[in-house]
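A structural walkthrough
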There are 2 protein chains.
Amino acid sequence: MSDVLEKTEETEGDAFDDLYGLTKETVAAVEAALEEGAGPETIRPLVVPLHAADLADLLERLTKDERLSVVHALGEELDSDVFAYLDDTVQETITDALPNSVLSTFVQDLDSDDVVDFLEDMDEEDQKEILSFVPAEDRALYEQALSYPEYTAGRLMRRETVTIPEFWTVGQTIDFMRDSDGEGGSDLPDDFYNIIVVSPNHKPVGLVQLSKLLRTKRIVPVSAIMETDPKLIPVDLDQEDAAFLFRQYGLVEAPVIDESGRLVGVLTIDDIVDVMDEEHEDDMLKLGGVSEDDFYSDFLKTTRLRFSWLLVNLGTAIVASLVIALFETALSKVVALAVLMPIVASMGGNAGTQTLTVAVRALATNELTTRNALRILTKEVLVGSANGILFAIIMGIVAWLWFSDPVLGGVIATAMILNLMIAGLSGVLIPLAIEKIGQDPAIASTVFLTTITDVVGFFVFLGLASVVLM
Amino acid sequence: MSDVLEKTEETEGDAFDDLYGLTKETVAAVEAALEEGAGPETIRPLVVPLHAADLADLLERLTKDERLSVVHALGEELDSDVFAYLDDTVQETITDALPNSVLSTFVQDLDSDDVVDFLEDMDEEDQKEILSFVPAEDRALYEQALSYPEYTAGRLMRRETVTIPEFWTVGQTIDFMRDSDGEGGSDLPDDFYNIIVVSPNHKPVGLVQLSKLLRTKRIVPVSAIMETDPKLIPVDLDQEDAAFLFRQYGLVEAPVIDESGRLVGVLTIDDIVDVMDEEHEDDMLKLGGVSEDDFYSDFLKTTRLRFSWLLVNLGTAIVASLVIALFETALSKVVALAVLMPIVASMGGNAGTQTLTVAVRALATNELTTRNALRILTKEVLVGSANGILFAIIMGIVAWLWFSDPVLGGVIATAMILNLMIAGLSGVLIPLAIEKIGQDPAIASTVFLTTITDVVGFFVFLGLASVVLM
């Protein structure tokens, strides 16, 4: 019953185990209870103490039926925040099984940014029905948030803001915050790090760090301690660009403004961390030929998602085979060519993938631009040529000794150099070109690259052999 | 002179352009000035207004010589913070060119966590000499920080903390903070989000959010509003585990403790964001066969770094060729086998890479454990078999029609199913096994996988053909 975490824990003296709230004992106990068909009174005390993020992890690790048993066991004690942490596919299996009236009670407990995240993947009818149970003023808020395009700052932002006028002093600000925290309806968010100073028409003019506010005498005007040129995020800014700005400038919170410059919400680092995570996952999966994260998808959906990419690959593999078919005569005469040809293609593919990976990453971090592209291209072609020469020598000698044929060694050596040069060139040019036409370079680069390195590898090796050896 | 950013900007109505401080006009102006050999008086006004993060980006995009010209032009006006943002390789080109006495002035301006980052990549002699210029008490601090192992919380933490005793009230806390901010030597960090409540022996007992402190009446004791069970990070915790905890629990700051439980520093989200970035970069590059980010490395170093991975790949490619060589007789009789065999191997490699990518990602996020491994394994083998059958049908028909040989179609169909099944199996088992022996599954998984799919692909296809077609 050991698990992968356990290994890490052992080598690290259990430090991590103590901190990660979902211990393997808890998982094992819940699973055992579910297997025995235990009732809510057994399951509830096991899961109620968990942090929402840990409960989400637990639910993700269970099968669909077990998951629903836990949800039903919890009933109204299910912490709404768990939905802020759940994988979308897993969340769907739960929301599909619960009536909209129940789902609407979760909505009323969540922060405005988490509500949007909760609702956005449902179909419009369910969204409407769930919102119909929500008080009218909140409903309008959520509907407006959902009206912003997906993957923009508008979708991601928290709508509750903490604002003060420019002419206030530190003392007035602190008094205002103390008063806001009365019973019955404070509009202040749970936690925040800056106070936004706004003009009379609600445009942000500055940010006051709480840590600065606390260190300042009561009589000082906030305008004296505010940061006067804060980064203001347009509501329609792409979330990846917002994440770039947070990372670039070490932001923790940033005001979001509409077209007229008025404050409409706040982006916070926790949402940005999620975006960064998604973005990285996306790049990595796409490079691996996986269109979306299908870890929690069922067998049929996963098969369908993977099929289309494999179909594209079959097409390119057939193209490479057509190139091989051009040299049937040579192949039938010298069988060593069939033995050696995959080596040339494979080395080109691997060298190209190295270059491609670095280039795709550099594009994602705005480090590769057409301005420095020529320099990078030159370098990669040089690297390809240098490794090409090294592997030409190694493989030339291997082929010579293996088939006792120095000319064959010369042929594979030449093909190796050429293919690794082309691989370096393509590894930079392909992602640059795809980015240029406005597409994501991670998704299609690999298939173009391996097509090129296969075709060039087979063509040069077999073509040269036909000329020299026949 | 257009660059990649420009494209994005156009489609997004220049919103991003206004926010990213390093405009292409600035880059162009600096480059033009450098080309003309302009003096410091021309360059300085162009770069002084830049945010340290943007200046770092600018320096990264220039050639080594241009970079040094800008640094020399800035002289003492060079913002030390720029080193907190520079790529390590680029930083080295600058620090190598400056005397240690100058470098020590930068050290004295930086936050303690950035100092460690600045020094850790230098050799010990340079570290010692630079620190010899630093006041003794700071020196001891940095030396201790450098004594923690790399990639641990101890290396990453800020050493300045904001602490108060448990018996204080909100009012006392605010007064203390106001007093600390006098002239001549406040020890408070620039910005912070929580105050740490400590016991008399300096063990953290709670955290007070600043936003909560500000909302609370002066007479309330801090013990009434503090979070009493904060996540405490052990000083030797791996930075990746720390990042996991920040992400899992939405932390912005966390106290760091030594073995005896005493507070020694604070981890902040900006450093964690950098760790997440590094971690993701690492996974992505390793899957692509790149051992470390070599975007800014010179031609020779890049060639050397890439060579070893390609050498491993050559080994596996030769193994695959040895398998092919087993079937020389069949290949010399039926040349269609040579034409078709790369298709079987390539489809296996691609299907396996899909599974592998999802599995490596799921391991990195602690979602794949040996507990659910069997379920995932079953699913992946099913997905492989299903897609195997689909592509067996497609490719069987293609081969039959192409070479007018239904038996050949049957052979490739059978080989396809088997290879895609094995690919699904290996795609999960290989990374799990590598993780189990305590290694990073991203680094070596790909090479093992393609070896297996090549060997199985060639062996099954050619072996079956030898039996059936000869």
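Predicted model, so just to flag it, every value in this text is computed and none were measured.

Turning our attention to the overall build of chain A. Scanning chain A from terminus to terminus reveals 24 helices and 6 strands. Viewed in the frame of its principal axes, chain A has a C-alpha envelope of about 90 × 65 × 50 Å. Per-residue burial over chain A gives 58% buried out of 470 residues. Sequence-distant contacts, at least 24 apart, represent 65% of the contacts inside chain A between residues at least 6 apart. Total accessible area on chain A is roughly 18,600 Å²; 55% of this is exposed by carbon and sulfur atoms. Of the side-chain charges in chain A, 30 are positive and 80 negative, and the distance between the mean point of each set is 9 Å.

Here the focus is unusual backbone geometry. Residue and element names in this part refer to chain A. With phi around 65 degrees, His-202 is a residue other than glycine that occupies positive phi space. Mapped onto the secondary structure, His-202 falls in the loop between strand S2 (194–198) and strand S3 (204–209). A residue is classified by how much of its surface remains accessible, and His-202, at 30% relative accessible area, is partly exposed.

Looking now at the relation of the copies chain B and chain A. In screw terms, the move from chain B to chain A is a rotation of 180 degrees and a rise of 0.0 Å along the axis, fitting with an RMSD of 0.1 Å. This pairing of chains is accounted for by a two-fold axis. Of the residues that chain B buries at the interface, 100% are likewise interface residues in chain A, meaning the two copies contact each other through the same surface.

This part is about the packing of aromatic side chains. Under the defined criterion, the tally for this structure stands at 17 aromatic pairs over all chains. Taking 4.9 Å as the distance between ring centres and 50 degrees as the angle between the ring planes, the aromatic pair formed by B:Phe83 and B:Phe106 counts as tilted. On the criterion of sequence distance, the pair formed by B:Phe83 in helix H7 (residues 82–85) and B:Phe106 in helix H9 (residues 100–109) is long-range, its members being 23 residues apart. Among the aromatic side chains, those forming a connected cluster through ring pairs are A:Phe83, A:Phe106 and A:Phe118. Between the NZ or CZ atom of A:Lys231 and the centre of the ring of A:Tyr249, over which it lies, the distance is 4.3 Å.

Let us now look at the UniProt feature "transmembrane region" (unreviewed entry) in chain A. Residue and element names in this part refer to chain A. Residues annotated by UniProt as "transmembrane region" (unreviewed entry) correspond here to residues 307–327, 339–360, 381–403, 409–434 and 446–469. Across residues 307–327, helical content stands at 90% and strand content at 0%; the span's end C-alpha atoms are separated by 31 Å. Regarding residues 339–360, the helix share stands at 100% and the strand share at 0%, and the terminal C-alpha atoms are separated by 33 Å.

We now examine the interface of chain B and chain A. By a widespread convention, an interface's size corresponds to the accessible area lost as its parts come together. In this complex, chain B contributes 143 residues to the contact, which on the side of chain A involves 145 residues. Across the chain B to chain A interface the summed buried area is about 13,000 Å²; carbon plus sulfur atoms make up 65%. As a salt-bridge pair, B:Arg361 and A:Asp277 come within 3.8 Å of each other at their nearest N and O atoms. Between the two partners, chain B and chain A, sit 53 residue pairs in polar contact (both at pLDDT 80 or more). Looking at which element gives the most residues to the side of chain B that touches chain A, the answer is helix H21 (residues 335–364) of chain B, with 20 residues.

A pair of packed helices is characterised by two quantities: the angle between their axes and the separation of those axes. Residues and elements named next belong to chain B. Where helix H11 (residues 124–132) meets helix H12 (residues 136–147), the axes come as close as 10 Å, and the angle between the chain directions of the two elements is 155 degrees. By the angle between their directions, the pair H11 and H12 is classed as roughly antiparallel. Note on packing geometry: the crossing formed by H11 with H12 is right-handed. For the pair formed by H11 and H12, the contact residues are Gln-127, Leu-131 and Ser-132 on the first element and Arg-139, Tyr-142, Glu-143 and Leu-146 on the second.

Before going further, it helps to examine the UniProt feature "domain: CBS" (unreviewed entry) in chain A. Under the present numbering, the feature "domain: CBS" (unreviewed entry) in UniProt falls on residues 226–284 of chain A. Secondary structure across residues 226–284 of chain A divides into 46% helix and 22% strand, with the first and last C-alpha atoms of the span separated by 40 Å.

Okay, empty space enclosed by the protein next. Under the definition given, this model contains 11 cavities of 30 Å³ or more. When its volume is computed, the largest cavity comes out at roughly 1,000 Å³. Broken down by secondary-structure element, the contributors of at least two residues to the lining of the largest cavity are helix H18 (269–287), helix H19 (299–325), helix H21 (335–364) and helix H24 (441–469) of chain A together with helix H18 (269–287), helix H19 (299–325), H21 and helix H24 (441–469) of chain B. Counted by class, the lining of the largest cavity contains 22 nonpolar, 25 polar and 2 charged residues.

Bringing the sheet that holds strand S2 (residues 194–198) of chain B into the picture now. Residues and elements named next belong to chain B. With mixed pairing, the 3 strands of this open sheet are ordered in space as S1-S2-S3. Each end of this open sheet is capped by a strand with a single partner; those strands are strand S1 (163–165) and strand S3 (204–209). Across the sheet, the axes of successive neighbouring strands diverge by a mean angle of 35 degrees, strand direction being ignored. Pairing of S1 with S2, which is carried by 3 bridges, proceeds in the parallel orientation. When the sheet's bridge partners are listed, Thr-163 is paired in S2 with Ile-196.

Moving on: helix H10 (residues 112–119) of chain A. The α-helix advances 3.6 residues per turn, and as a result positions three or four apart in sequence lie on the same side. Of all the 8 residues making up H10(A), 7 are buried; the element is thus mostly covered by neighbouring parts of the structure. For H10(A), every residue scored as buried is listed here: A:Ser112, A:Asp113, A:Asp114, A:Val115, A:Val116, A:Phe118 and A:Leu119.

What follows deals with the pattern of salt bridges. Inspection of every chain in the model, using the stated rule, returns 22 salt bridges over all chains. Two residues, B:Glu77 and B:Arg44, come together in a salt bridge whose shortest N-O distance is 3.5 Å. Highlighted residues: B:Glu77 in the loop between helix H6 (64–74) and H7 and B:Arg44 in helix H4 (residues 40–47), separated in sequence by 33 residues. Using a relative accessible area of 30% as the deciding quantity, one classes B:Arg44 as partly exposed. Through salt bridges with shared partners, a single ionic network connects A:Arg247, A:Arg361, B:Asp277 and B:Glu281.

Quick look at the domain arrangement of chain A now. Per the domain assignment, the segments of chain A are domain 1 (4–155), domain 2 (163–268) and domain 3 (299–469). For domain 2 of chain A and domain 3 of chain A, the distance between their C-alpha centroids amounts to 53 Å.

Bringing the nonpolar core into the picture now. Counting 164 residues, the largest nonpolar core has A:Leu267 and B:Leu267 as the members making the most contacts within it. With near-sequence residues (within four places) excluded, B:Leu267 lies in contact with B:Ala153, B:Leu156, B:Met157, B:Ile233, B:Ala242, B:Phe246, B:Val252, B:Glu253, B:Ala254, B:Val256 and B:Ile272. One finds A:Ala336, A:Val460, B:Ala320 and B:Ile324 within the second-largest nonpolar core, a separate group that totals 83 residues.

Considering the arrangement of structural elements, one finds B:Gly75 in the loop between H6 and H7. When the C-alpha positions of B:Gly75 and B:Arg44 are compared, they lie 9.3 Å apart, and in sequence the two are 31 residues distant.

This part is about the sheet that holds strand S5 (residues 253–257) of chain A. All names here are of chain A. Spatial ordering of the open sheet is given by S4-S5-S6, a layout of 3 strands whose pairing is mixed. Of all the strands in the sheet, the pair left with one neighbour each is strand S4 (233–234) and strand S6 (263–268). Where S5 meets S6, 5 bridges bridge the pair, whose relative direction is antiparallel. Residue pairing across strands places Val-256 opposite Gly-265, the latter belonging to S6. Relative to the sheet, helix H17 (residues 239–249) contacts S4, S5 and S6, its axis offset from that of S6 by approximately 65 degrees.

A cluster of nonpolar side chains, namely A:Ile389, A:Ile393, A:Ile397, A:Trp400 and A:Leu401, defines an oily patch on the protein surface of about 520 Å² accessible area. Checked against the element boundaries, A:Ile397 lands in helix H22 (residues 370–403).

The rules behind these values
Residues numbered from 1 in each chain as written. Chains lettered and ligands numbered in written order. Predicted model: local features only at pLDDT ≥ 70, side-chain atom pairs only at ≥ 80, totals over all residues. Heavy atoms only, no water. Helix = DSSP H or I, 4+ residues; strand = E, 2+ residues; numbered from the N terminus. Buried < 20%, exposed > 50% of the residue type's maximum accessible area, 1.4 Å probe, protein only. Contact = heavy atoms within 4.5 Å. Areas by Shrake-Rupley, 256 points an atom, 1.4 Å probe, with all protein chains shown as cover. Lys, Arg positive; Asp, Glu negative; His and termini not counted. Charge placed at Lys NZ, Arg CZ, Asp CG, Glu CD. Least-squares fit on C-alpha atoms with pLDDT ≥ 70 in both. Phe/Tyr/Trp six-rings, centres within 6.5 Å; stacked < 30°, edge-to-face > 60°. Lys NZ or Arg CZ within 6 Å of the ring centre and 35° of its normal. UniProt positions renumbered as here; feature names shortened; annotations may be inferred. Buried area = accessible area lost by both parts, 1.4 Å probe. Salt bridge = Lys/Arg side-chain N within 4 Å of Asp/Glu carboxyl O. Polar contact = N/O pair within 3.5 Å; in protein donor to acceptor, adjacent residues only side chain to side chain. Axes fitted to C-alpha atoms, helices over the stretch in contact; angles between N-to-C directions. Parallel < 35°, antiparallel > 145°, perpendicular 65-115°, else oblique. Left-handed = near helix turned anticlockwise from the far one by under 90°. 1 Å grid on protein atoms, 1.4 Å probe; cavity = no way out; pocket = protein on both sides within 12 Å on 5 of 7 lines; lining within 4 Å. Points joined across faces, edges and corners; volume = space filled by probe spheres on them. Nonpolar A, V, L, I, M, F, W, Y, C, P; charged D, E, K, R; others polar. Pairing = 2+ DSSP bridges. Domains from an automatic or database assignment. Core = buried A, V, L, I, M, F, W, Y, C linked by side-chain atoms within 4.5 Å. Patch = residues over 30% accessible without salt bridge, like charges linked within 9 Å, V, L, I, M, F, W, Y side chains within 5 Å.

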